[in-house]
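Next come the chains, spelled out residue by residue.
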Amino acid sequence: MVFENQYVQQRIEKADALRAIGIDPYANNSCRNTTIEKFHNVNSDLFQSEEKRDEHRHYTVAGRIKLYRLMGKASFLKIEDESGMLQIYVARDNLPENFYNDVFKKLFEVGDIIEVSGYPFVTQHGELSLHADSLKMLTKAISPLPEKFHGIVDKEMRYRQRYLDLIMNSEVRKTFHIRSKVISLTRRFFEDKGFLEVETPMMHPIAGGANAKPFVTHHNALGIDRYLRIAPELYLKRLIVGGFEAVFEINRNFRNEGMDATHNPEFTSIEFYWAYKTYKDLIAITKEYFEYLFDHLNLPKRLPYGELEVDFDQFTEIELVKSLSVIGGVPEEIVNDKTAILAYLKSKNLEANAAMNLGQLQGELFDEFVEAKLINPTFITHYPVEISPLARRNDERPELTDRFELFIAGREIANAFSELNDPVDQLQRFEGQMAAKDSGDDEAHEMDEDFVIALSYGMAPTAGQGIGIDRLVMMLTNQHSIRDVLLFPAMKPHQTNQNQHGEEE
């Protein structure tokens, strides 16, 4: 049961004791006038001063107690706010009578959020600190924090109780600061390029925009099922039909599929559509976008990713079919022969589905033999039309599409193509997808007659792209699980009965 833990009960008793002496353990009248980071910055000159202190400067900071070292007449604390950590020196004789012994030493403890006022000084050990002349309880923490030196070792607990992970690990907070900056910079980059940010529905009448399995919900008022969106693509292209020439949307998509290191049921992406452009223009703007991110995030162009090193100055391009032999080592003479591919897959002890068409089998070869080898940023171009139901056919080779996917460190980061704007061709592609669905492909694209009708009114030649924000942040922060870049990732239900501290009962 909640709050039955003996340590929690002891802390509740301390909160009651504070109330009994007239101190609100959950005060709402903080007078903080600076952050810890600003305190460090404005007082850095004290390291060069003769006295190493300035009693004429007075600051009020606030934060969570992370370290509590009690001594006789004086003690040291370390408190932390979002910007950093600060050491606090607390002396008995600088506080109101009896406060040090009866309140501070007995009722304050690690985890509490407090306010401290005083002047800056540099200790004999060379640490800039605050000499306290007043302390105020702001929030009494009744659940104890995990033990400092071991922290949260259970990854499941880290994700389920992300607030504890954030409290205990400043590096985790740093990752999410970078994520927030990436989203903000992405928005600024496309706005500066003249794109208009728009919002499209999150519940769709048809599961469309990508080949994926949808989540289904029910709209009570209309009495019909709706699908959480797989992608915003078809709505954004309707806007191009309507006369907008450059639009983007940053938002969530939902796919009712498996979870692994790179897949979460809901994920964030940016999709943008650009009239009078081609996939080649998208390759150029993608390179420019990465340059912009690295400049504004102050990151080096060579970044570690586990045991790999990714060089973001080395963007390359190669066609998908060519990559099968050049990168994947698949014999060149079999890559355009369905029967030979099936035999090759079987020889490698891989499942070979004879019902797949040539394009689908080429996609299988790519997934098995090429993808993991794409370390530096690589644009894989000209996907087979069979696995690109919304992309424009190549003029010279109509069995291929003007499409690319961007891979970094063996993972897909972006998908883009010159958009199909021939309504008859689009209708036939949808019909092909419906036939695949009837044959058991539950990820095949649904028929969207309204979108076909929209195209019939004329969509300007357009290029569109989606970039996975979660995977991009993984690359930039050297994280190898998508859960580490999502504040609240999807989790399986608890398998054991646990209390609020993650302890099995």
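Residues numbered from 1 in each chain as written. Predicted model: local features only at pLDDT ≥ 70, side-chain atom pairs only at ≥ 80, totals over all residues. Heavy atoms only, no water.

(A) Up close: the sheet that holds strand E7 (residues 203–204). The sheet built from three strands is open, its strands ordered E7-E9-E8 with antiparallel pairing. The sheet is open, and its two borders are formed by E7 and strand E8 (216–219), each paired with just one other strand. The pairing of E8 with strand E9 (residues 224–228) spans four bridges and is antiparallel. By the bridge assignment for E9, Val 216 is matched with Tyr 227. (Pairing = 2+ DSSP bridges. Helix = DSSP H or I, 4+ residues; strand = E, 2+ residues; numbered from the N terminus.)

(B) Structural context of helix H8 (residues 279–297). Counted at 1.5 Å a residue, the expected span for H8 with its 19 residues is 27 Å, and the 27 Å between its end C-alpha atoms agrees. Looking one or two residues past H8, Asn 298 carries a phi angle of roughly 55°, positive in sign. (Expected span 1.5 Å × (residues − 1).)

(C) Fine view of the nonpolar core. Judged by nonpolar contacts, the single largest core of 46 residues is most densely connected at Phe 190, Phe 272, Tyr 289, Phe 290, Ile 408 and Leu 472. Considering each element in turn, this core owes the most residues, 10 residues, to H8. In terms of nonpolar packing, the next biggest core, distinct from the first, is built from 28 residues, Val 61, Ile 65, Phe 108 and Val 116 among them. (Core = buried A, V, L, I, M, F, W, Y, C linked by side-chain atoms within 4.5 Å. Buried < 20%, exposed > 50% of the residue type's maximum accessible area, 1.4 Å probe, protein only.)

(D) Seen up close, the packing of aromatic side chains. Evaluation of the coordinates by the stated rule reveals 25 aromatic pairs. Ring centres of Phe 290 and Phe 312 lie 5.9 Å apart, and the angle between their planes is 20°; this geometry places the pair in the stacked category. Placement of the pair is Phe 290 in helix H8 and Phe 312 in the loop between strand E13 (308–311) and strand E14 (316–319), with a sequence separation of 22 residues. The residues Phe 290 and Phe 312 share a single accessibility class, namely buried. Ring geometry for Phe 379 and Phe 404: centres 5.1 Å apart, planes at 90°, overall edge-to-face. Note that Phe 379 is positioned in strand E15 (residues 378–381) and Phe 404 in strand E16 (residues 403–408), a separation of 25 residues in sequence. Its relative accessible area of 0% is what places Phe 379 among the buried residues. Given the relative accessible area of 0%, Phe 404 is considered buried. Cation over ring: Arg 238 sits above Tyr 235, and NZ or CZ is 4.8 Å from the ring centre. (Phe/Tyr/Trp six-rings, centres within 6.5 Å; stacked < 30°, edge-to-face > 60°. Lys NZ or Arg CZ within 6 Å of the ring centre and 35° of its normal.)

(E) Spotlight on the packing of helix H12 (residues 423–438) against helix H13 (residues 449–456). Packing of H12 against H13 leaves a shortest axis separation of 9 Å and a crossing angle of 165°. The orientation of H12 with respect to H13, classified from their angle, is roughly antiparallel. The element H12 and its partner H13 pack so that their crossing is right-handed. Contacts from Pro 423, Gln 426, Leu 427 and Phe 430 of H12 reach H13 at Phe 451, Val 452, Leu 455 and Ser 456. Tallied by class, the residues present in the contact of H12 with H13 amount to six nonpolar, two polar and no charged. (Axes fitted to C-alpha atoms, helices over the stretch in contact; angles between N-to-C directions. Parallel < 35°, antiparallel > 145°, perpendicular 65-115°, else oblique. Left-handed = near helix turned anticlockwise from the far one by under 90°. Contact = heavy atoms within 4.5 Å. Nonpolar A, V, L, I, M, F, W, Y, C, P; charged D, E, K, R; others polar.)

(F) Up close: the side chain of Thr 60. Here Thr 60 lies in strand E1 (residues 59–69). Reaching out from Thr 60, the side chain makes a polar contact with the side chain of Ser 117 at a distance of 2.7 Å. (Polar contact = N/O pair within 3.5 Å; in protein donor to acceptor, adjacent residues only side chain to side chain.)

(G) Structural context of unusual backbone geometry. One non-glycine residue, Lys 52, lies in the positive phi region at around 60°. Mapped onto the fold, Lys 52 is located in the loop between helix H2 (36–42) and E1. The backbone of Asn 478 shows a phi angle near 60°, a positive value even though the residue is not glycine. Residue position: Asn 478 is located in the segment after helix H14 (469–477). A relative accessible area of 28% places Asn 478 in the partly exposed class.

(H) Looking closely at the packing of helix H6 (residues 170–192) against H14. As a packed pair, H6 and H14 sit with axes 10 Å apart at the nearest point and diverge in direction by 125°. Comparing the axis directions of H6 and H14 gives the class oblique. Between H6 and H14 the crossing geometry is right-handed. Along the contact surface, H6 presents Thr 175, Ile 178, Arg 179, Val 182, Ile 183 and Thr 186, while H14 presents Ile 469, Asp 470, Leu 472, Val 473, Leu 476 and Thr 477. For the contact of H6 with H14, a count of residues per class yields seven nonpolar, three polar and two charged.

(I) Representation of the pattern of salt bridges within the structure. Counted under the stated rule, the structure contains 39 salt bridges. As a salt-bridge pair, Glu 127 and Lys 78 come within 3.3 Å of each other at their nearest N and O atoms. Pair noted here: Glu 127 is in the loop between strand E4 (113–122) and strand E5 (128–139) and Lys 78 is in strand E2 (residues 74–81), with a separation of 49 residues, a long-range link. Taking relative accessible area as the criterion, Glu 127 reaches 30% and is therefore assigned partly exposed. Assessed through its relative accessible area of 24%, Lys 78 is described here as partly exposed. A salt bridge links Arg 158 to Asp 484, with the shortest nitrogen-to-oxygen separation between them at 3.6 Å. (Salt bridge = Lys/Arg side-chain N within 4 Å of Asp/Glu carboxyl O.)

(J) Expanded view of the pairing of E4. Within E4, nine of the 10 residues are buried, which leaves the element mostly enclosed by the surrounding structure. For E1 and E4, the ladder comprises six bridges, and the chain directions are antiparallel. Each bridged residue has a counterpart across the sheet, and for Arg 64 the counterpart in E4 is Ile 113. Relative to E5, E4 runs antiparallel, the two sharing 10 bridges.

(K) Geometry of H6. Under the 1.5 Å per step criterion, the end-to-end length of H6 is 32 Å for 23 residues, consistent within 8% with the ideal 33 Å. Within H6, the full set of buried residues consists of Val 172, Arg 173, Thr 175, Phe 176, Ile 178, Arg 179, Val 182, Leu 185, Thr 186, Phe 189 and Phe 190. A distance of 2.9 Å separates the backbone nitrogen of Glu 171 from a side-chain oxygen at the start of H6, and that oxygen is part of Asn 169. Gly 194 lies just past H6 and shows a positive phi near 95°.

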